[in-house]
Amino acid sequence: MTTYGVDQVAPSDLQRWLVERVAEYLPDLGEAVDPTRQLGEYGLDSIAVVAFAADVEEQLGIAVDPTAIWDYPSVGELAEHLAAELAERRPQAA
Amino acid sequence: MRTVDLPSRLAEWSRPGGPFDPAVLSAHDEAETFPAEACAALDAWGLPAYYVPARHGGRQDRLDEFLALLRTVAAQDLTVAVAHGKTFLGGVCTWLAGDAGPADLLARQVLAGEPVAWGLTEPDGGSDLLAGSLTATRHGSGWQLSGRKWPVNNATRGHLLCVLARTDPAGGPRGFTVFLIDKRATAVDTVRPLPKMPTHGVRGADISGVEFRQTRVPAHALVGTVGGGLELVLKALQLTRIVCVSLSLGAGDHALGLLRRFLHERRLYGRQLASLPHVRTTAGRAAAHQFLAEAVAHTAARAAHQVPEELSVISAVAKAFVPSLIQSQLRLIGDLLGTRGFLTGVEGYGAFAKLERDHQVVPIFDGSTWVNRAALAGVLPLLRPGRRAAASEAASPVHWLREEHHPAPLDMRRLRLMAPRDSVLGALPALVAGLDAREESSKAAAETASLAGALLEAYERLGTDLADVRPTGGPPSTATMRLAERYEWCFAGAAALALHHARPRLRTGPWGTDEAWLHGCLTLVLEGLGRRPAQATRTYDRLGTVVASAPDVPVSVLDDRGPDGPARDGSVEVSAT
């Protein structure tokens, strides 16, 4: 598993990595995660979203509240958002 | 401090003819009528002020103190505590939203004794908040609501109702919004009560519902932001779930009081009941249940002030664990009371059957045991020991559980939907290491070290088992739920150990001598983890002896309201110099 530091990351790399992560939560999916589709459509429930956010937070080293996934509900949007956050190099909040 | 006189006032009110007269309350229960006299007495005493945060003009500034207050009411009558305490639940969303909402308006109403209901669930919706179909649409400068909320505590009697409504037809986590409705300010016939539900327990409480029919509400009914409702409710639940466990503590107090009376009065084979070893050990087990429940509840209440960002985990543990623990305790006590626990007409003891029925609502509301355990199960892979950096020393529960520690003001802005760590269970290795480093080498200390060592082993085994758990979407498997249960037991053991470290006072006195209460807690935890210690019977027997022989000593490691003691742990008011 790739671990990102707080260095600048291209949204496309981030998106690829997020697709892999999401797939891990959906072992029965049987198809590639479409970065333009909303995660809710894949049946990623609210509890799984919390766990997923924590995963992303740990890997990226920036605070990622599950509400970020609510506000940027597709992998593509989330990757854009997180890339911008990383660019600001915000230290982890907690 | 004023809170200290509530127990004595309750004792006064419980005399024949008083508002808390058990005969009056049980008549209400039988007739399924609202305990209005008791609630009015609590209003007059000023309990509503404790539902309002200090910054909005109320007296609520410490959750541990508030838990103690509600526990005292629950110990007298659980139905009354449920019927009155719901105003706390109804207010939290609005306090959380802060000045952006109708907080000051609500504060004035609550301080004037106006009850508030909290409407989350809907018919056929279960605990799934995203399934809500009560809809709010913009109408002029305000909103128009249509749909039902059910079941809701106090839906019919309350004029004020805080509801979660769908504001985006597509729903989703940003599709819901919270509104505070004043029924008195709505057009005639647009708000209809749904009938009170007959219930197995809390039969007098107003468990009913409400239907909105194109009900128009003003713009200032909006709480927080449009689309921010789910987040607000999930954060509010973190606080209310902790407060709810005080109802269980009160039920435990009530039951233990009845048990002590029984042990004192009842003679069998010409002997005091407590001379029978089985009776003593069972009474001791019941006491250990109470201590462990207290340790978890009190730790969670202090955690709300100190590590609010961890409450998503801590509140789920508290709400899943404590009501279940007290259910087990009530079963133990019911077994001992025998017939008296079952008959409702035997003077004084009829209360047991009622409180046992009443308590069955506690594991259900504000998210059932399953819902809370599932929430914990979902994040277990993230709570694996060693996965996250340990908390700083200042975040250690030993620091903020000290008696003299004054909790920081509750900062609701620090609540998060995801806990970055669990400082309580995370502290376990350090807590156990702290015991090994002790200079005293008494037999009791050696036994504590041995029990704590066994707990640490169990925690490490849990860590190993968690390593194989992968996060998944969808409901957790039964195996993962069982891991969550083990997590709760480990957490409870860590809370008890932290309390022991933080409060030297708990190493003396009837429960503290020979570290008896702690041994009781750790023994219970190890039993829960399937590792019954060899000396379990002796441990419970020792506690049972105190239960039976010292009826005036409260079965509590938190209660220090003795005649010469301070008001309540750490809450003595010191005048500024």
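Residues numbered from 1 in each chain as written. Chains lettered and ligands numbered in written order. Predicted model: local features only at pLDDT ≥ 70, side-chain atom pairs only at ≥ 80, totals over all residues. Heavy atoms only, no water.

(A) A look at the pairing of strand β3 (residues 142–153) of chain B. Residues and elements named next belong to chain B. Two strands pair when backbone bridges link them, and strand β2 (residues 135–139) and β3 are joined in this way by 5 bridges, in the antiparallel orientation. Each residue of the ladder has a partner; that of Thr137, found in β3, is Gln144. Between the end of β2 and the start of β3, which pair antiparallel, lie 2 residues, with Gly140 showing a positive phi angle near 60 degrees. With 8 bridges connecting them, β3 and strand β7 (residues 207–217) associate as antiparallel partners. For Gly147, the partnering residue across the bridge sits in β7 and is Phe212. (Pairing = 2+ DSSP bridges. Helix = DSSP H or I, 4+ residues; strand = E, 2+ residues; numbered from the N terminus.)

(B) View of the nonpolar core. Residues and elements named next belong to chain B. Among the nonpolar cores identified, the biggest contains 203 residues, and Leu292, Leu497 and Trp517 are the most heavily contacted of them. With 18 residues, the top contributor of residues to this core is helix α7 (residues 229–265). Other than its neighbours up to four places away in sequence, Trp517 contacts Phe291, Ala496, Leu499, His500, Leu506, Trp511, Gly512, Leu543 and Val557. Ala136, Trp143, Ile181 and Val210 belong to the second largest nonpolar core, which has 18 residues in total. (Core = buried A, V, L, I, M, F, W, Y, C linked by side-chain atoms within 4.5 Å. Buried < 20%, exposed > 50% of the residue type's maximum accessible area, 1.4 Å probe, protein only. Contact = heavy atoms within 4.5 Å.)

(C) Up close: helix α5 (residues 78–97) of chain B. All names here are of chain B. Taking 1.5 Å of rise per residue, 20 residues should cover 28 Å, and α5 covers 30 Å from first to last C-alpha, within 8% of that figure. Along α5, the sharpest change in direction is near 35 degrees and occurs at Gly91. One side-chain oxygen of the residue at the start of α5 lies 3.1 Å from the amide nitrogen of Thr79, identifying that residue as Asp77. Two residues or fewer after α5 comes Gly98, characterised by a positive phi angle close to 70 degrees. (Expected span 1.5 Å × (residues − 1). Bend = angle between axes of the 7 residues up to and from the residue. Polar contact = N/O pair within 3.5 Å; in protein donor to acceptor, adjacent residues only side chain to side chain.)

(D) Fine view of the interface of chain A and chain B. With 23 residues of chain A in contact, the opposing surface of chain B contributes 23 residues. Between Glu57(A) and Arg416(B) there is a salt bridge, with the nearest N and O atoms lying 3.0 Å from each other. On the surface where chain A and chain B come into contact, there are 3 residue pairs in polar contact (both at pLDDT 80 or more). Listing elements by their share of the side of chain A that touches chain B, those giving two or more residues are α1 (11–25), α2 (46–60) and α3 (66–71) of chain A. Looking at which element gives the most residues to the side of chain A that touches chain B, the answer is α2(A), with 9 residues. Counted by class, the side of chain A that touches chain B contains 13 nonpolar, 3 polar and 7 charged residues. (Salt bridge = Lys/Arg side-chain N within 4 Å of Asp/Glu carboxyl O. Nonpolar A, V, L, I, M, F, W, Y, C, P; charged D, E, K, R; others polar.)

(E) Examining the environment of His519(B) more closely. All names here are of chain B. Topologically, His519 is positioned in helix α18 (residues 516–528). Residue class for His519 comes out buried when judged on its relative accessible area of 0%. For the pair formed by His519 and Trp13, sequence separation is 506 residues and the distance between their alpha carbons is 37 Å. Residues contacting His519, with those up to four places away along its chain left out, are Ala444, Glu447, Thr448, Leu451, Asp514, Thr539 and Arg542.

(F) Just the packing of helix α14 (residues 428–436) of chain B against helix α15 (residues 443–467) of chain B, in detail. Residues and elements named next belong to chain B. The geometry of α14 relative to α15 is characterised by a closest axis approach of 10 Å and an angle of 155 degrees between their N-to-C directions. If you check the angle between α14 and α15, you find them roughly antiparallel. In this structure, the crossing between α14 and α15 has a hand that is left-handed. Along its contact with α14, which presents Leu428, Pro429, Val432, Leu435 and Asp436, the element α15 presents Thr448, Ala449, Ala452, Gly453, Leu455, Leu456 and Tyr459. Residues that form the contact of α14 with α15 fall into these classes: 9 nonpolar, 2 polar and 1 charged. (Axes fitted to C-alpha atoms, helices over the stretch in contact; angles between N-to-C directions. Parallel < 35°, antiparallel > 145°, perpendicular 65-115°, else oblique. Left-handed = near helix turned anticlockwise from the far one by under 90°.)

(G) The pattern of salt bridges, seen in detail. Per the counting criterion, the structure on display carries 38 salt bridges over all chains. A salt bridge links Arg71(B) to Glu294(B); its shortest N-O distance comes to 2.8 Å. Taken together, the positions of Arg71(B) in helix α4 (residues 63–76) and Glu294(B) in helix α8 (residues 277–306) put the pair 223 residues apart, joining distant regions of the chain. As far as the burial class goes, Arg71(B) and Glu294(B) line up, both buried. Ionic pairing is found between Lys235(B) and Glu231(B), a salt bridge with its closest N-O pair at 3.0 Å. Remark: Glu231(B) and Lys235(B) occur in helix α7; sequence separation between them is 4 residues, near one turn of the helix. No difference in accessibility class separates Lys235(B) from Glu231(B), as the two residues are buried. Among the charged side chains, a network of salt bridges with common partners joins Asp71(A), Arg174(B), Glu231(B) and Lys235(B).

(H) A look at the environment of Asp61(B). Residues and elements named next belong to chain B. You can see Asp61 is positioned in the loop between α3 (36–45) and α4. The class of Asp61 is partly exposed, set by a relative accessible area of 43%. Sequence-wise, Asp61 and Glu32 are 29 residues apart; in three dimensions their C-alpha atoms are separated by 35 Å. Contact partners of Asp61, with chain neighbours within four places excluded, come to Ala54 and His305.

(I) Local environment of α18(B). Residue and element names in this part refer to chain B. Here α18 is 13 residues long and its end C-alpha atoms lie 18 Å apart, about the 18 Å a rise of 1.5 Å per residue gives. In terms of burial, α18 is a largely internal element, 13 of the 13 residues being buried. Positive backbone phi, approximately 80 degrees, marks Gly530, located one or two places after α18.

(J) Summary view of unusual backbone geometry. Residue and element names in this part refer to chain B. A cis geometry characterises the amide bond from Trp150 onward to Pro151, with omega recorded as -10 degrees. Considering the arrangement of structural elements, one finds Pro151 in strand β3. Positive phi values are uncommon outside glycine, yet Asn154 reaches one of about 75 degrees. A positive phi angle is found at Asp514, which is not glycine, with a value near 60 degrees. Relative to the elements of secondary structure, Asp514 occurs in the loop between α17 (509–512) and α18.

(K) Main features of the side chain of Thr448(B). All names here are of chain B. Relative to the elements of secondary structure, Thr448 occurs in helix α15. By relative accessible area, Thr448 is classed as buried at 0%. Looking at Thr448, its side chain comes within polar contact range of the side chain of His519, at 2.7 Å. Thr448 has contacts with Leu435, Arg438, Glu515, Leu518, His519 and Leu522, leaving out every residue within four places of it along the chain.

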